[in-house]
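Tertiary structure, described
Listed below are the residues making up each chain.
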Amino acid sequence: MAEEQELDLVEISPNANPPVCKIMDYKKFVYEQKKREKVMKSKATKVIIKEIRFGPNTDDHDYEFKKKHAIKFLKDGAKLKAYVFFKGRSIIYKDQGEILLLKLAQELEDLGKVEQMPKLEGKRMIMFIAPKKK
């Protein structure tokens, strides 16, 4: 039948009993499939992660400056990775670093929600904030 219509016999699902076949133009079928995949790929959202780095003894002015950047990132729809970097012996100020990150989370709670609470990984205390959906 396929040869009469000058088309191809395409096996749709080989595992079915009996196998399912369809008479169609195979090249057109492959083209349509690639086109569908391309559209699906373009619709997929890409997660952007922006980082903000603090020191354990970050001053108020520096903190406010970096908080403004954090607000901008969250409004743009990017995830925020805020971390406190402990250099040398400053690791003894772990509690100050955690207080700083929690203060940031509290001030940004109307724009985003905390995805991961502050957690110490090596010399960094990291916290993730995801933007709230509009």
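The structure contained in this document is the topic of the report that follows. Counting starts from 1 at the beginning of each chain's written sequence and moves along it residue by residue. In view of the model being predicted, local features appear only for residues whose pLDDT reaches at least 70, and side-chain atom pairs are presented and counted only at 80 or more, with totals across whole chains, interfaces and linings using the full set of residues. Where side-chain values are given, they derive from all heavy atoms of the structure, hydrogens and water being excluded.

Focus: the layout of surface pockets
- Lining residues are those with an atom within 4 Å of a point, where the points come from a 1 Å grid over the protein atoms alone and group into cavities, where a 1.4 Å probe fits but cannot get out, or pockets, open sets with protein on both sides within 12 Å along at least five of seven lines. Grid points are joined across faces, edges and corners, and a volume is the space filled by probe spheres set on the points. Of the volumes computed, that of the largest pocket is approximately 210 Å³.
- For the largest pocket, the lining is made up of eleven residues, of which Leu74, Gly77, Pro131, Lys132 and Lys133 are closest to its centre.
- Strands here mean DSSP runs of E at least two residues long; helices mean DSSP runs of H or I at least four residues long; both are numbered from the N terminus. At the level of elements, helix H2 (60-75) and strand S6 (124-131) are the ones that each hand at least two residues to the lining of the largest pocket.
- Residue type decides the class: Asp, Glu, Lys and Arg count as charged, Ala, Val, Leu, Ile, Met, Phe, Trp, Tyr, Cys and Pro as nonpolar, and the leftover types, Gly among them, as polar. Looking at the lining of the largest pocket residue by residue, the classes come out as four nonpolar, one polar and six charged.

As for the pattern of salt bridges
- By definition here, a salt bridge exists when the distance from a side-chain nitrogen of Lys or Arg to a carboxyl oxygen of Asp or Glu is within 4 Å. Within the structure shown, the criterion is met by six salt bridges.
- Residue Lys67 is joined to Glu107 by a salt bridge in which the shortest nitrogen-to-oxygen separation is 2.8 Å. Remark: Glu107 occurs in helix H3 (residues 94-107) and Lys67 occurs in helix H2; sequence separation between them is 40 residues.
- Classification of Lys67 by relative accessible area gives buried; the value is 15%.
- As a salt-bridge pair, Lys79 and Glu115 come within 3.2 Å of each other at their nearest N and O atoms. Here Glu115 lies in strand S5 (residues 112-121) and Lys79 lies in strand S4 (residues 79-85), a separation of 36 residues in the sequence.
- With a relative accessible area of 44%, Glu115 lands in the partly exposed category.
- Linked through salt bridges whose partners overlap, the residues forming this network are Glu64, Lys67 and Glu107. A simple rule labels every residue: compare its accessible area, found with a 1.4 Å probe on the protein chains alone, to the largest value its type can have, and call it buried under 20%, exposed over 50%, or partly exposed in between.

Some details on a nonpolar patch on the surface
- Together, Leu102, Val114 and Met117 give the surface a local cluster of nonpolar side chains, amounting to about 230 Å² of exposed area.
- Relative to the helices and strands, Leu102 resides in helix H3.
- The class of Leu102 is partly exposed, set by a relative accessible area of 35%. In this analysis, a patch consists of residues with relative accessible area above 30% that form no salt bridge, clustered at 9 Å for like charges and at 5 Å for the nonpolar side chains Val, Leu, Ile, Met, Phe, Trp and Tyr. Working definition of accessibility: Shrake-Rupley area with a 1.4 Å probe, residue cover restricted to the visible protein chains.

Thoughts on the pairing of strand S2 (residues 20-24)
- When DSSP finds two or more bridges between a pair of strands, those strands are recorded as paired. Summarising the sheet, strand S1 (residues 8-13) and S2 pair through five bridges and their orientation is antiparallel. Of the residues in S2, the one forming a bridge with Glu11 is Cys21.
- In this structure, the hairpin formed by S1 and S2 is closed by a connection of six residues.

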